[in-house]
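Residue-level listing of the chains:
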Amino acid sequence: MEISKVTKSVKAFGTEAADAHLKSLTIQRRNAAAYDIEIEILYCGVCHSDLHTARNEWHGSVYPVVPGHEIVGRVTRVGDRVTKFKAGDLAAVGCMVDSCRECEHCKEGLEQYCIPGFTGTYNDPDKHLGTRTYGGYSESIVVDEHFVLRVPGNLDLAATAPLLCAGITTYSPLKHWNVGPGKRVGVVGIGGLGHMAIKLAKAMGAHVVAFTTSESKFEEAKRLGADETVLSKDPEQMKKYAGSLHFIIDAVSAQHDMNAYLRLLKVDGTIALVGAPEHSLPVHAFSVIPGRKSLAGSMIGGIAETQEMLDFCAEHNIVSDIELITMDQINEAYERMLKGDVRYRFVIDIASLKNATGA
């Protein structure tokens, strides 16, 4: 593919090393080509993946890194072959900005499982510029229209941003495993992902049981829509739920006992992992053999399903619980995120980027 000429300097926030704070940077964006949409970014959610990548904890970061894949903004320019958007429209971008579009998964609308691999919104090879992709901690972004989502007008824009990752990451497995009326669904971990799983599963009509290690989150779980809450570190409480759940969505990124949760499943029940602990989670053979139980995983969703999720959230008035921050607060937000000190997602007001330095 022909490498595009760099045409526009854009202010952004990122880091030039794993051990450096995020600070003001200048990056380059391409002009909108025939099928491209240029978006002025209004809000960007802060995902734990941002921190992992900025600090090279997944050992694949190429610097400078400009994180951010929960993007909500307004269209400022469209290419001459764009049909889905016009200038002034609200638009959103999630974790992907491209894929091969030719493999069996892409053709099925499962771009997240693109066989050659999808192009991430940040820190992936940028086939247009010959550099790396840069994310939503920036003034604007240019994305092919296929990977741009419509934002329903009735949703709070800042609180919608986390739906582009936390929302679709939990919606996709709930839909895939047919969560709905008559199903008893467990949600393990009440954080950025877990709080969305509770809201979505309840809106789908399921009976929702939340599991937490903190008694202080009992009222929170109820407010979010949980029908029951279980203190997971209490063996007696856990024992009461043995064999009672059709499906569990596990949103915990720390080490925990998978066997304890497998015991809670009914026959043919499934646990879907959406959290990603650093180390392996041991599973005993006899935690899955009796009861024909399954341990599965799930990763975001395709573009069509992400749009479906946004429309579902609009219908049920679901957004993320957020704390709105300025760009200059991002380094502090990262430290707080590591401590679990956020209910439940930081979102950056990108208007604050104009005067932010990171100093």
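Above: the structure in question.
Quick summary incoming for the structure in this document. Not measured: the values here are computed from a predicted model. (Residues numbered from 1 in each chain as written. Predicted model: local features only at pLDDT ≥ 70, side-chain atom pairs only at ≥ 80, totals over all residues. Heavy atoms only, no water.)

### Here we look at the overall build of the protein chain
Part 1 of the reasoning: Across its full length, the protein chain carries ten helices and 17 strands.
Part 2 of the reasoning: Here the protein chain has a C-alpha radius of gyration of 20 Å; the compact-globule value for 359 residues is 21 Å, and the two agree.
Part 3 of the reasoning: The dimensions of the protein chain, computed from C-alpha atoms along their principal axes, are 60 × 45 × 40 Å.
Part 4 of the reasoning: Looking at the protein chain as a whole, 55% of its 359 residues qualify as buried.
Part 5 of the reasoning: Restricting the contact set of the protein chain to residue pairs at least 6 apart, pairs at least 24 apart contribute 67%.
Part 6 of the reasoning: For the protein chain, the accessible surface area stands at approximately 15700 Å², while carbon and sulfur atoms represent 50% of it. (Helix = DSSP H or I, 4+ residues; strand = E, 2+ residues; numbered from the N terminus. Rg over C-alpha atoms; globule rule 2.2 N^0.38 Å. Buried < 20%, exposed > 50% of the residue type's maximum accessible area, 1.4 Å probe, protein only. Contact = heavy atoms within 4.5 Å. Areas by Shrake-Rupley, 256 points an atom, 1.4 Å probe, with all protein chains shown as cover.)

### Regarding the nonpolar core
Part 1 of the reasoning: Y137, I330 and Y334 are the most contacted members of the largest nonpolar core, which totals 91 residues.
Part 2 of the reasoning: A total of six residues in this core trace back to one element, the largest contributor, which is helix α9 (residues 303–316).
Part 3 of the reasoning: In this structure, V188, V209, Y261 and L265 belong to the second largest nonpolar core, which totals 16 residues. (Core = buried A, V, L, I, M, F, W, Y, C linked by side-chain atoms within 4.5 Å.)

### Observations concerning empty space enclosed by the protein
Remark: the empty space left among the atoms is shown by a probe the size of a water molecule rolled over them.
Part 1 of the reasoning: For the coordinates displayed, the defined rule picks out two cavities of 30 Å³ or more.
Part 2 of the reasoning: Quantified by volume, the largest cavity comes out at close to 210 Å³.
Part 3 of the reasoning: What lines the largest cavity is a set of 19 residues, and nearest its centre among them are R30, V97, D126, T133 and V142.
Part 4 of the reasoning: At the level of elements, β2 (23–29), β6 (96–98) and β8 (140–144) are the ones that each hand at least two residues to the lining of the largest cavity. (1 Å grid on protein atoms, 1.4 Å probe; cavity = no way out; pocket = protein on both sides within 12 Å on 5 of 7 lines; lining within 4 Å. Points joined across faces, edges and corners; volume = space filled by probe spheres on them.)

### Brief notes about the packing of aromatic side chains
Part 1 of the reasoning: Taken as a whole and assessed by the stated rule, the structure comprises four aromatic pairs.
Part 2 of the reasoning: Taking the centre distance of 5.7 Å and the plane angle of 55° together, the rings of Y171 and F312 count as tilted. With Y171 in helix α4 (residues 166–176) and F312 in helix α9, this residue pair connects regions lying 141 residues apart in the sequence.
Part 3 of the reasoning: For Y171, a relative accessible area of 2% gives the class buried.
Part 4 of the reasoning: Residue F312 is classed as buried on the basis of its relative accessible area, which comes to 13%.
Part 5 of the reasoning: A connected cluster of aromatic rings, assembled from ring pairs, spans F211, Y241 and Y261. (Phe/Tyr/Trp six-rings, centres within 6.5 Å; stacked < 30°, edge-to-face > 60°.)

### Some thoughts on the pattern of salt bridges
Part 1 of the reasoning: If you walk through the whole model with that rule in mind, you get 22 salt bridges.
Part 2 of the reasoning: D36 serves as the salt-bridge partner of R30, at 2.9 Å between the closest nitrogen and oxygen.
Part 3 of the reasoning: Ionic contacts of the salt-bridge type, sharing partners, join the residues K199, E220, R223, D321 and R343 into one network. (Salt bridge = Lys/Arg side-chain N within 4 Å of Asp/Glu carboxyl O.)

### Section: the packing of α4 against helix α5 (residues 194–203)
Part 1 of the reasoning: Two numbers describe how α4 lies on α5: the axes approach to 9 Å, and their chain directions differ by 45°. When the axes of α4 and α5 are compared, the pair comes out oblique. α4 and α5 meet at a crossing whose hand is right-handed. Between α4, through A166, G167, T170, Y171 and L174, and α5, the contact on the second element is made entirely by M196, A197, L200 and A201.
Part 2 of the reasoning: Looking at side-chain class alone, the contact of α4 with α5 contains seven nonpolar, two polar and no charged residues. (Axes fitted to C-alpha atoms, helices over the stretch in contact; angles between N-to-C directions. Parallel < 35°, antiparallel > 145°, perpendicular 65-115°, else oblique. Left-handed = near helix turned anticlockwise from the far one by under 90°. Nonpolar A, V, L, I, M, F, W, Y, C, P; charged D, E, K, R; others polar.)

### Observations regarding helix α10 (residues 330–338)
Part 1 of the reasoning: What α10 keeps buried is the set I330, N331, A333, Y334, R336 and M337.
Part 2 of the reasoning: Residues of α10 that are buried sit in contact with β1 (8–14), α1 (48–54), β16 (322–325) and β17 (345–349).
Part 3 of the reasoning: Count one or two residues on from α10 and you reach G340, which has phi positive near 75°.

### A short note on the packing of α4 against α9
Part 1 of the reasoning: The contact between α4 and α9 brings their axes to 10 Å, and the two run at 100°. With respect to α9, the element α4 is oriented roughly perpendicular. Contacts between α4 and α9 pair G167, I168, Y171, S172 and K175 from the former with E305, T306, E308, M309 and F312 from the latter.
Part 2 of the reasoning: Taken together, the residues that form the contact of α4 with α9 break down as four nonpolar, three polar and three charged.

### Some thoughts on the sheet that holds strand β11 (residues 207–212)
Part 1 of the reasoning: The six strands are arranged β12-β11-β10-β13-β14-β15 in an open sheet whose pairing can be described as parallel. If you trace the sheet from one side to the other, it starts and ends with β12 (228–231) and β15 (294–297), each paired once. Pairs of neighbouring strands in the sheet enclose a mean axial angle of 20°, with direction left out of account.
Part 2 of the reasoning: Note: strand β10 (residues 184–188) against β11, five bridges, orientation parallel. For G186, the partnering residue across the bridge sits in β11 and is V209.
Part 3 of the reasoning: Along the sheet, α4 makes contact with β10, β13 (245–250) and β14 (265–273), crossing β13 at roughly 160°. (Pairing = 2+ DSSP bridges.)

Note that every value here comes from positions in space, so none of it alone points to a role or purpose.
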